[in-house]
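Per-entry structural report
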Amino acid sequence: MTGLERIPTVMVPDHDDLIALVADRIATVIDSTLAESGRCVLGLATGSTPLGIYRELIRRHVAGALDFSKVITFNLDEYYPMPAESPHSYRRYMWENLFAHVNVKPENVHIPDGTTPREGVRAACQSYEAAIHAAGGIDLQILGIGKTGHIGFNEPGSARGSRTRLVTLDTVTRRDAAADFFGEDNVPREAITMGVGTILAAREIALIATGEHKAAIVRRAVEGDVSQDVAATFLQDHSGATVYLDAAAAADLTRIATPWLLEPVEWNPEMSERAVVWLAGQTGKAILKLSAKDYAENHLSPLLAQHGSPGAINGEVFNRLRDKIRGRARLPKDRRVLVFSPHPDDDVISMGGMLGKLKENGNTIVVAYMTSGNIAVFDDDVRRYLDFVDRAAEPLGIAHTTLDAGRLEAQRSLDRKRPGDVDIPLVQELKKVIRECEAISALESFGLGADTGRFLNLPFYRTGQVRKLPIGPEDVRIVSALLDEVRPDIVFVAGDLSDPHGTHRMCKQAIERALADRPDPAPEAWYYRGAWQEWSITEADALVPLSYEELRRKITAIFRHESQKDTAPFPGPHDEREFWQRVEARNLETAAIADQLGLAEYYAMEAYVVRRTSGDG
Ligand code: F6R
């Protein structure tokens, strides 16, 4: 255990490393317990976190390296009520994502039953506990963690000794699940879950978290006091529990965020910059005003000692930060620029200011919209456009006989649709077209022609559902073909560590694979953060100032994405603001932080991470 961590915590650089590590651990436990007792009992979780691990277990099974014939499984939970065949049932999730692809015996699979009549739930929960006991107890329990700190669905208030039972879901949890259910109102209010006590009875526990949206709750679970308010903290008292994290989920742990508070660190320029910016935040002072006393009182005497005087280290960090500021004169000119936008609005949301400046600097710009973003269009919008087509037919001289078959088919399918149903292909296509028109209109607001936009419609996204396929060779081939055509000097890429549905992360993966396959030198890569967060001043390599007018122009472009305005279907949880409001706030805030640090006072700023080669992003 390190520093303030109260539970063994393993951190690996990225999601793929984590998948390999946890799959290894599961395989080891299966092998060793089978050898000892002839059977192995796994406790399993659902949600987005274990999906990659299940894919890896299937791969190992297909390769002949993993046998599930003597494995018994118990799932943590199930929504209640929940029909088994619903796309949202955990039963269906488990069969689709693991069980159907391995040789587990159906009679060895146990999942709480969301169809149990209410009066029978208590007895069903007791039988579930009895079945775990009869199987010999759980050898290895896999857990995710929710934003509330829940494990299973043990929401705040769950007691340490709680057992399998019916629980009410927390509002935060329901909001988190809203996207999967196409709206918070469709998320069940209850669930059946193993209790904290049931989980703690497992011999070994692996809690897994990935992505920066988990960083805050991971820190609370790992470094905070044990409390009924955060069920995951109970794991601190279990001798066989380990937390497995990717770098994004580990980012708020003290050993990562402020390691100098724990132990001597190597004061390279990046670490010094982070520490000095942190110190400025702690003291509320501009960098050039930090005194020896400030360093001494905040555990930074070693840094000061290395530089001799506050003036020297303050000046060094100040200059580093100042050099990151890149107005138009220090931005690319007359180059070939390829902007990758995962959804049709990420370009203007995240780098609308930059787009305007790149255009003014005479660059040749292509914007590649990687996915159609069609699942984020409301049905009402489709109805409105169908009405438009109907009314516009006559002035445009289009015969109704040509239009009506498709128009009525689309309309009828929407009339029949229940919340969460997948759209028919025609409606999916119409939603795609709606977003394409909006993207072109946004480009035109910068004076960029319609031919600037390319719609890649990558296959991994084309499921019609929130859940996507893994990146495949066809996705990579499409990106490669575009790179061949454009031969960019510079690419812009969404560098999200985690967006709510992982689409940005997957798009980044497709781009990096395509770039890695190319023989020619990689273009310079500029990473913008997605719609949900901004790079901090220390993470960023380039800070691009925006005037009041430039920020307004950017917001105007965001407005062109009408289907995402007022209320977007996927705004991400915990933020009621529209995308343009978040953009305005984050660009003003970056400039305000630069100002507080004593750098120049700009109106607004965008932030970028810049890499000369693609592989190191
Ligand atoms: C799922 C479960 C939950 C999830 C948690 C994290 O069976 O019990 O505790 O593990 O909500 O969900 P994801 O992985 O989707 O972030």
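Residues numbered from 1 in each chain as written. Predicted model: local features only at pLDDT ≥ 70, side-chain atom pairs only at ≥ 80, totals over all residues. Heavy atoms only, no water.

**Description of helix α2 (residues 51–62)**
When the terminal C-alpha atoms of α2 are compared, their 17 Å separation across twelve residues agrees well with the 16 Å that a helix rising 1.5 Å per residue should span. Where burial is concerned, most of α2 is hidden: nine out of the twelve residues are buried. When α2 is considered as a whole, its buried residues turn out to be L51, G52, I53, Y54, E56, L57, I58, R60 and H61. Looking at the buried residues of α2, the elements they touch are α1 (15–37), β2 (40–44), α3 (90–97) and β9 (204–209). G64, located one to two residues past α2, shows a positive phi value of around 85 degrees. (Helix = DSSP H or I, 4+ residues; strand = E, 2+ residues; numbered from the N terminus. Expected span 1.5 Å × (residues − 1). Buried < 20%, exposed > 50% of the residue type's maximum accessible area, 1.4 Å probe, protein only. Contact = heavy atoms within 4.5 Å.)

**So, the nonpolar core**
With 59 residues, the main nonpolar core has Y295, L338, F340 and V479 as its most contacted residues. Counting residues per element, this core draws most heavily on helix α9 (residues 269–283), at seven residues. Formed jointly, this core draws a minimum of three residues from each of two domains, domain 2 (258–324) and domain 3 (328–378 + 416–612). Sequence-distant contacts of L338, that is, excluding residues within four places in its chain, are made with V366, A368, L482, L483, V486, P488, I490, V491 and F492. (Core = buried A, V, L, I, M, F, W, Y, C linked by side-chain atoms within 4.5 Å. Domains from an automatic or database assignment.)

**Examining the sheet that holds strand β1 (residues 9–12)**
On the basis of which strands lie adjacent, the open sheet formed by seven strands has the order β1-β10-β9-β6-β2-β3-β5 and parallel pairing. Taken across any chain shown, the strands that pair with only one partner, and hence form the sheet edges, are β1 and β5 (109–110). Strand direction decides the pairing type here: strand β3 (residues 71–75) and β5, joined by two bridges, are parallel. The residue bridging F74 from the neighbouring strand is H110, located in β5. (Pairing = 2+ DSSP bridges.)

**Re unusual backbone geometry**
Across the junction of Y80 and P81, the peptide omega takes the value -10 degrees, indicating a cis bond. Examined against the element boundaries, P81 turns out to sit in the loop between β4 (77–80) and α3. Look at H299: it is not a glycine, yet its phi comes out positive at around 65 degrees. Mapped onto the elements of the fold, H299 is located in the loop between α10 (292–297) and α11 (301–307). Among the residues examined, H299 registers a relative accessible area of 51% and is labelled exposed. Positive phi is not limited to glycine here, since N457 has a value of about 50 degrees. A relative accessible area of 18% places N457 in the buried class.

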